[in-house]
Amino acid sequence: MEKKVKIEELDPIKYGPLKGYFEGYRFYGPSSDTGYLMPAGYKELADNVLNMTARPDDVWVTGYPRSGTTLTQELVWQVANGCDYEKASKSPLMETIYVFRTYLYVYFRGEMSVNLIQSRVNGEVSEPVYTMDAVNEAPSPRFIKTHFPFSLLPSNLLDTTKVVYIARDPRDVVVSLYQFARRLMTIKTDFKTFWTLFFNDLVIYSPCLAHVKEAWQLRHHPNMEFIFYEDMIRDIPLYIKRVADFLDKKLTDDQIAELTEHLNIKNFRKNESVNPNWMNKSGNPDSEGFIRKGEAGGWREHFDEEMAAQAQRWISEHLAGSDLRFPDHTSQ
Ligand code: A3P
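So, how was this worked out
Residues numbered from 1 in each chain as written. Predicted model: local features only at pLDDT ≥ 70, side-chain atom pairs only at ≥ 80, totals over all residues. Heavy atoms only, no water. Core = buried A, V, L, I, M, F, W, Y, C linked by side-chain atoms within 4.5 Å. Buried < 20%, exposed > 50% of the residue type's maximum accessible area, 1.4 Å probe, protein only. Helix = DSSP H or I, 4+ residues; strand = E, 2+ residues; numbered from the N terminus. Contact = heavy atoms within 4.5 Å. Pairing = 2+ DSSP bridges. Phe/Tyr/Trp six-rings, centres within 6.5 Å; stacked < 30°, edge-to-face > 60°. Lys NZ or Arg CZ within 6 Å of the ring centre and 35° of its normal. Arc of directions from axis to C-beta. Axes fitted to C-alpha atoms, helices over the stretch in contact; angles between N-to-C directions. Parallel < 35°, antiparallel > 145°, perpendicular 65-115°, else oblique. Nonpolar A, V, L, I, M, F, W, Y, C, P; charged D, E, K, R; others polar.

### A word on the nonpolar core
So, step 1. In this structure, Trp195, Phe198, Phe226 and Phe303 are the most contacted members of the largest nonpolar core, which totals 61 residues.
So, step 2. The leading source of residues in this core is helix α8 (residues 170-183), at 6 residues.
So, step 3. In this structure, phenylalanine 198 is in contact with Tyr64, Pro170, Val173, Val174, Leu177, Val203, Ser206, Cys208 and Trp314, ignoring residues within four places of it in sequence.
So, step 4. Counting 33 residues, the second-largest nonpolar core is a separate cluster that includes Val61, Val76, Tyr85 and Ala88.

### Things to note about the pairing of strand β2 (residues 26-31)
So, step 1. Pairing between strand β1 (residues 6-8) and β2: 3 bridges, direction antiparallel. Each bridged residue has a counterpart across the sheet, and for lysine 6 the counterpart in β2 is glycine 29.

### Let's talk about the packing of aromatic side chains
So, step 1. Inspection of every chain in the model, using the stated rule, returns 16 aromatic pairs.
So, step 2. Measuring from centroid to centroid gives 5.2 Å for tryptophan 299 and phenylalanine 303, while their planes differ by 80°, and the two rings are edge-to-face. A single burial state applies to tryptophan 299 and to phenylalanine 303, both of which are buried.
So, step 3. One aromatic cluster in this structure is built from Tyr64, Tyr178, Phe191, Phe194, Trp195, Phe198, Phe199, Trp299, Phe303 and Trp314.
So, step 4. Its end group placed over the ring of tyrosine 229, arginine 168 keeps NZ or CZ at 4.1 Å from the ring centre.
So, step 5. Across from the ring centre of tryptophan 216, 3.7 Å away, lies the NZ or CZ of arginine 219, which sits over that ring.

### Considerations on helix α13 (residues 253-263)
So, step 1. Restricting attention to buried positions, one finds in α13 the residues Ile256, Leu259, His262 and Leu263. Along the long axis of α13, the arc covered by the buried residues comes to 120°, so they all point the same way. In α13, the exposed positions that point more than 90 degrees away from the buried face belong to Asp253 and Asp254.
So, step 2. Buried residues belonging to α13 abut α3 (69-80), α4 (85-90), α12 (236-246) and α14 (265-270).

### Structural notes on the packing of helix α9 (residues 191-199) against helix α16 (residues 305-319)
So, step 1. The interhelical angle for the contact between α9 and α16, taken along N-to-C directions, is 10°, at an axis separation of 12 Å. By the criterion of interaxial angle, the relationship of α9 to α16 is roughly parallel. Where α9 approaches α16, its residues Phe191, Lys192, Trp195, Phe198 and Phe199 are matched on the opposing element by Glu306, Met307, Gln310, Ala311 and Trp314.
So, step 2. Looking at the contact of α9 with α16 residue by residue, the classes come out as 7 nonpolar, 1 polar and 2 charged.

Structure, rendered in structure tokens:
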């Protein structure tokens, strides 16, 4: 039977004036009291994704936005494809099938994506939008990247398909998301206001901690690889090996070294395939690029004492009863 996502309106008393930022937004979830904030028009996609058929040879990359999903996508794709830099350079990671703007991506690095980037460069396509049919009819193996939480993905996903989930300290996530939102000019508030929106679950895909907790609970499933961004950027070769084992692929030491170099943020920034120019075009000269600093713990430069204390309370409250802890390597 077709499942339906539950929708909850934003409570005007709870959200008060903040609600004004998010006209048309609703919480979508498995039940009406556990929802994720999504824009208007999301409903049809939500039901379609919940009911879509995952395939055993799909590989999914999921995570809350700005958690390192692009890095993870590239790592996964390269490992799964025997480190094919030639093919990768010709077909950008971003130019994939976007369903309803950026809410679900299938990336092929195939002919379709090359054609698409050409159209975009020539100014013919401003925003490629596909339907779920394109995803459902896409040839195998599909590489799917999504920011949806597990509860909005097909319920049998992990029993069918391998999933790599990337998690990151939400304080770094909110800094990164703010820079990104300013670049895209979707938000014009100061950072402190954005942080207030974030911890009140009023930023797209929120609540962030619930998103991570859902994945954390599934981390021991044999089809699940749960990775912390902080751990991965500290030891990329280790995570290349872990992903290779997970995908039953063998890489030589030379291939691992070369891929480590390829994934190094300095090279990543210059790599048009993962960091396309159009992602970095912005009318906002103060904002930073799509591939930005790539650090762990940088939030400390952006949080004042009050915000840091709020964050500490918010994290403790939401992780109470869970053994999920974000790694902090900054003092080591
Ligand atoms: P910062 O803005 O903190 O630098 P996503 O891909 O999910 O949108 O995540 C974006 C974050 O991952 C950004 O964080 C970006 O700089 C970082 N990132 C992207 N590529 C990276 C790489 N090769 N190494 C380390 N961090 C990377």
